[in-house]
Structure formats: structure tokens, C-alpha cells
Amino acid sequence: MSLLRSSVRCSSYPTHVVRMFSSSASRSKQRLVILGSGWGGYEVLRGIDKKRWNVTIISPTNAFNFTPLLASCAVGTLEFRCAVEPVRKYSPEVIAYQAWCDAIDFKQKVLTCMPATPSLSSERSSARLVESSKPWTQSSGVGTPFTVRYDKLVIAVGAYSQTFDVPGVKQYAHFLKDVRDARAIRTRILDCFELANQPILSDIQRRNLLNFCIVGGGPTGVEFAAELHDLLHAEVEQHYPSLARLAKITLYDVAPNILGNFDRSLATYAEDKFRRDGISIKTRHHVERVEKDRMFVKEQGEVPFGLLVWSTGLAPNPLIQSIAYIAKHERSQSLLTDNNLNVLTKDGQIDPDVWAIGDAAITKTAELPATAQVANQKAKYMVKKLNKIVKDQEHTKPFEFHNQGSLAYLGDWKAIYDRSTAETGIKTKESGRLAWLLWRSAYFTMTLSIRNKILVPTYWFLNWIFGRDLSRF
Ligand code: FAD
């Protein structure tokens, strides 16, 4: 996931290189273009009637990332394959371009896209663009832009990681947004232990390398801290016994409490558990600057680290930022939609051919959280709607969200579960082993392909028996 890509690229297009892309698929069918292959876009892709629509999906990755399992992948509880589903599964029925959409002409119904694959002329730089999980560090202007026409458009480009413009975060912190991030984090954790194991290092140098800092006390930061704690207290204690006692996990947040969106008693349960486990929680702490291997915290001064994982919420996708035609939500700057998920233009009109779902959008009348659950339910709603459109039927029922509750893993096979049902006002709370069972069964159930329905429990079982793999590749 990246922060600054699209806006940089739009201005650098040489117009003569932009060419129209024609598809071999039948033009008698309407062209549906899906932007993004995440929780929103991939679910639309899965469910859409591919015989009646001429479908194109445009996304810089050719896979769907099952985000709730990324923290497990980052420490080796699961292998990376468990958290991805290939977009290519649906081609050639569907046209798939591994590319960024950089601009949308809503009047002409044309998208301008930039390949996210290595180009022949600049193989090396664009290869980095694809491989890196931080494309904002890449040089702009690689590849040849192309255009794609649409009749109907679903915008599901998600959001980027929020950094609050803290200097150095983009360069020196790790994010956890996709499998490439999880792989980079896992490599770094293992690097830290192998480096700290070198005989020439002092204990202070070892402690610094084994200082694991996480900034952001939301569910992602908490789950990563918990998974890392599991790794340290299982495989690391066993294979690096002298180093395990030097390792430390610290969770930072500016807020007075972690897990602010959970019921207070569950957040307290999590804080108490972390304290017992030796995970240090530093709330009301402000990271002011990050440099290579160290950060500066207002309340603490200089903090050396081996790994810094940054997870402080969402920032708008640059494509969304660049769109002037659609009205935006004031605080989040997401695209505003009506209850049928059609985008609302600046002058208050509905664009009947464009819908927006997932983290990139917000419904005007109901400010739902930016979660996979919401993105997935909106995508399922879109599938119903679009499949009716091609049958000349109407699906006028507005979108309704059904809250399945929130879960967070806390380590040692414990979790918390929080569900409040607006309609009934009933609140369901669960913590500990039962919540962990709910956590595992929820994510097993949500896993999409049969392959991953086999792989995920297989890896849970294998790692329970044999432990996580500490090999570095
Ligand atoms: P995404 O899933 O982020 O997908 C966006 C897609 O758009 C990606 O394929 C991206 O490559 C593509 N894209 C970006 N820019 C462009 C462009 N310019 N052109 C074309 N394509 C583009 N939610 C839960 O409900 N439960 C959880 O347990 C949970 N755990 C999470 C754990 C982690 C580590 C993270 C990071 C998030 C988690 N979430 C969870 C939140 C959830 O993943 C998001 O809310 C969800 O991914 C939003 O779906 P989306 O389709 O809007 O965006």
C-alpha cells in the first residue's frame, strides 16, 4: 500500500503514449470496471455474472489479501499463501490488468492507468515498484500509461496508511497492509535475532536490535504485538534462549487507552493481559520523528529499535484525493455515496453509473467503520444490484449493514469479541479462550478458496505440533 503514487503520476503523462485498450470480449455486453482487488473489489469479482457483463478488474496487485491473517503471516504462524487469493483465477473470463488507476474522467467514462509491472525499458525500477510494499519511495513515470473505457464503474481502491506526516515514518517504519509487508516484517524479525546472535555485539546493541516497537493501539497493532509475543515465547525462547530475555515489545499510542473502539472492559482485559505478558503499553506517547534504527518520543526521548511497525489508521488513497467530481466526507475525505452506494457528485446529484465501496467510501447517512466486514457486505450488495441490472431488473433496496462484531487476538490462544446490535441494543462480549475459538472459526469461515480452507487449519496444526519456521530466505 502506498501513500503518494497517483497524484505524482498524473501530471507526468506524455499524452502521445496514451493509447486505447480494446478488449476481445463482446462489445454487446456492458463494460463493468472494478478498481481494486481487496475486500470490496475481489468480492464483486467473485460474485458478478461474468457471462452477462464484460468485466475488467484493475489493481496494482494480482491477488486479494486476506488482511485479518497478515499479523499471523508476519510471525510465521501461517504461511503467506494462506492470506492471498489470485485474481487470475477468473481470467480469461475477466480481463485483469495489474495497474494503478491514476485518473478518472467521469464525463467521458475513461480511466487512465499506469502498469504496475516491470516495463521493458525500465525493468529494474519498475520491478522495484511491484515488489516494494512502499511504492511512495519509487521513482515516478515508469511504464506506458493506457486508458480503459467503462459503462459502469465500481471504485474499491481502499485507503493508505496514515503517518500523520511524522518525519521518517515512510522511510524507516514497516506497515502491515499486504502480504509483501508481512514478508518484509518477518524477514526483519529474523534478521534482528541473527544479527543479535553475532558474538561481536555488546548486550546494549543486542537489546536495541531486539527492541520491537509498534505504534498504534488499534486492533492491527494489538494483534501484531500478540502474535510477536507468541513467537518470542515459543520458538525464540527455544532456539535463541540467551537472546529471548533481551527482547522487548512496546506498544505506543497517543490515546489514553488502546483498542478505543472496543468495549472498555474488553480493552482493560487486553491491557491487563499484555502487562502480565511483559508487553509494555505506552499510551499518551507521541512519536515525533523516526530515523534509521531509532525514533524520538516526546515523553521518552530517543528510543533505539530493531523493528518499528506503524499502524495508526487510514489516510485517503491519492486517486480518491485527486477526484474533484465526487463529494467527500469531511473528516475522512472518503467518497460520499447514497444508500444504494452510488457516488454523490459535488452538486448533490447521483452518478447512476458509478459506485464506491470499502475503505474508499462512506455512506452519507451511516458512518460505518472502515473494516473488511463493511467492505465485504457492500460488495455483496453490489453483486446483487449489478446482476439485476444486466437482467433489466432493479434492486432498489438500500444497503443495510449487519454487524457481526469485532474480534482481536491477544496471544496465548486468547482473544476478545465485542458485538453490539443497534436494532436490539443487546451487547455481547466475550474474552479469553472462547473468544479465541470464535476468532479462529470466524477467519476460517471467511477464508475464500477451498485451497486456503485446507491450508489455514493445516498450518495452524503444523505450527502447533512443530513450531514456527525460523528459516531466513
Ligand atoms: P483493500 O482491501 O485495501 O483493497 C484496496 C485494493 O485497491 C487493493 O487491491 C489495492 O492494491 C487497490 N488499489 C489501490 N490503489 C489503486 C489504484 N489507484 N487503482 C487500482 N487499484 C488500486 N477488518 C475487519 O473487518 N476485520 C479484521 O480482522 C481486519 N483485520 C485487518 C488487519 C490488517 C493487518 C489490516 C491492514 C486491515 C484489517 N482490517 C480488518 C481492515 C480491512 O482489511 C479493510 O477495511 C479492508 O481491506 C477494506 O477493503 P477495501 O476493498 O476497501 O480495500
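By the naming in an unreviewed UniProt entry, the protein chain goes by NDE1, mitochondrial external NADH dehydrogenase and is assigned to Boletus edulis BED1. Quoted verbatim from the Sequence similarities (unreviewed entry) field of the UniProt record, the comment on the protein chain reads "Belongs to the NADH dehydrogenase family."

From N to C terminus, the protein chain includes 14 helices and 25 strands. Summarising the internal contacts of the protein chain: among those between residues at least 6 apart in sequence, 67% fall at separations of at least 24. Here the protein chain displays about 21,500 Å² of accessible surface, and carbon together with sulfur accounts for 52% of that area.

A cluster of nonpolar side chains, Trp 413, Phe 461, Leu 462, Trp 464, Ile 465 and Phe 466, forms an exposed patch at the surface whose accessible area comes to about 680 Å². Structurally, Phe 461 can be placed in helix α14 (residues 450-466).

On to the packing of aromatic side chains, then. Using the criterion set out here, one finds 16 aromatic pairs in the structure. Between Tyr 42 and Tyr 90, the ring centres sit 6.0 Å apart and the planes meet at 70 degrees, which makes this aromatic pair edge-to-face. On the criterion of sequence distance, the pair formed by Tyr 42 in helix α2 (residues 39-47) and Tyr 90 in the loop between β5 (84-86) and β6 (95-105) is long-range, its members being 48 residues apart. In this structure, Tyr 42 and Tyr 90 share a single accessibility class: buried. Both rings, one in Tyr 409 and one in Trp 439, keep their centres 5.2 Å apart while their planes meet at 35 degrees; by these two values the pair is tilted. With Tyr 409 in strand β23 (residues 406-411) and Trp 439 in helix α13 (residues 433-446), this pair connects stretches of sequence that are 30 residues apart. Using a relative accessible area of 4% as the deciding quantity, one classes Tyr 409 as buried.

This part takes up the pattern of salt bridges. Two side chains of opposite charge can pair, provided their charged atoms sit close to one another. Summed over the entire model, instances satisfying the criterion amount to 19 salt bridges. Among the salt bridges present, the one from Lys 109 reaches Asp 353, with a minimum N-O distance of 2.6 Å. Taken as a pair, Lys 109 in the loop between β6 and β7 (110-115) and Asp 353 in strand β21 (residues 350-356) lie far apart in primary sequence, 244 residues in all. Classification of Lys 109 by relative accessible area gives partly exposed; the value is 24%. Residues Arg 468 and Glu 235 are paired through a salt bridge, measuring 2.6 Å at the closest nitrogen-oxygen approach. Here the residue Arg 468 occupies a position in the segment after α14, and Glu 235 occupies one in helix α8 (residues 219-239), the gap between them amounting to 233 residues.

Strand order across the open sheet formed by 4 strands is β13-β12-β11-β17, with parallel pairing between neighbours. With partners counted over all chains shown, the strands left at the sheet margins are β13 (280-282) and β17 (307-310), one partner each. Between one strand and the next, the sheet's axes are offset by a mean angle of 20 degrees, whatever the strand orientation. Here 5 bridges tie strand β11 (residues 211-215) to strand β12 (residues 248-252), and the two strands are oriented parallel to one another. Bridge pairing links Phe 212 to Ile 249 in β12.

Turning next to the sheet that holds strand β15 (residues 294-297). If you walk across this open sheet you meet the 3 strands as β14-β15-β16, and the pairing is antiparallel. With one partner strand each, in any of the chains shown, β14 (287-291) and β16 (301-304) form the two edges of the open sheet. Across this sheet, the average inter-strand angle for adjacent strands is 20 degrees, counted without regard to direction. Strand direction decides the pairing type here: β14 and β15, joined by 4 bridges, are antiparallel. Within β15, the position partnered with Arg 289 by the bridge is Phe 296.

Every one of the 29 residues lining the ligand counts as a neighbour, but Gly 40, Thr 67, Cys 101, Asp 359 and Tyr 443 are closest to it. Between the ligand and the protein, one listed contact pairs an oxygen atom with a side-chain N or O atom of Thr 67 at 2.5 Å. Going through the elements one at a time, α2, β3 (53-59), β6 and α12 (372-389) are the ones with two or more residues in the shell around the ligand. Among the elements that take part in the shell around the ligand, α12 stands out by supplying 3 residues, more than any other.

Among the 7 residues that make up β21, 5 are buried, leaving the element largely enclosed by the rest of the structure. In terms of strand pairing, strand β20 (residues 342-344) meets β21 through 2 bridges, oriented antiparallel. Among the inter-strand pairings, Leu 344 is bridged to a residue of β21, identified as Ile 350. Hairpin connection, β20 to β21: the antiparallel pair is bridged by 5 residues, and Gly 348 has positive phi, about 80 degrees.

A few words on unusual backbone geometry. For the peptide bond that leads from Ser 91 to Pro 92, omega is 10 degrees, which places it in the cis range. Looking at the secondary structure, you find Pro 92 in the loop between β5 and β6. Here the phi dihedral of Phe 164 falls at roughly 55 degrees; this positive angle occurs in a residue that is not glycine. With phi around 70 degrees, Leu 341 is a residue other than glycine that occupies positive phi space.

A few words on the nonpolar core. Counting 97 residues, the largest nonpolar core has Ile 189, Phe 193, Phe 212 and Phe 224 as the members making the most contacts within it. Each residue touching Phe 212, except ones within four places of it in the same chain, is listed here: Ile 189, Cys 192, Phe 193, Leu 228, Leu 232, Ala 247, Lys 248, Ile 249, Thr 250 and Leu 307. In terms of nonpolar packing, the next biggest core, distinct from the first, is built from 27 residues, Val 157, Ile 323, Val 343 and Ala 360 among them.

About the cut-offs
- Residues numbered from 1 in each chain as written.
- Predicted model: local features only at pLDDT ≥ 70, side-chain atom pairs only at ≥ 80, totals over all residues.
- Heavy atoms only, no water.
- UniProt positions renumbered as here; feature names shortened; annotations may be inferred.
- Helix = DSSP H or I, 4+ residues; strand = E, 2+ residues; numbered from the N terminus.
- Contact = heavy atoms within 4.5 Å.
- Areas by Shrake-Rupley, 256 points an atom, 1.4 Å probe, with all protein chains shown as cover.
- Patch = residues over 30% accessible without salt bridge, like charges linked within 9 Å, V, L, I, M, F, W, Y side chains within 5 Å.
- Salt bridge = Lys/Arg side-chain N within 4 Å of Asp/Glu carboxyl O.
- Phe/Tyr/Trp six-rings, centres within 6.5 Å; stacked < 30°, edge-to-face > 60°.
- Buried < 20%, exposed > 50% of the residue type's maximum accessible area, 1.4 Å probe, protein only.
- Pairing = 2+ DSSP bridges.
- Axes fitted to C-alpha atoms, helices over the stretch in contact; angles between N-to-C directions.
- Near = heavy atom within 4 Å.
- Polar contact = N/O pair within 3.5 Å; in protein donor to acceptor, adjacent residues only side chain to side chain.
- Core = buried A, V, L, I, M, F, W, Y, C linked by side-chain atoms within 4.5 Å.

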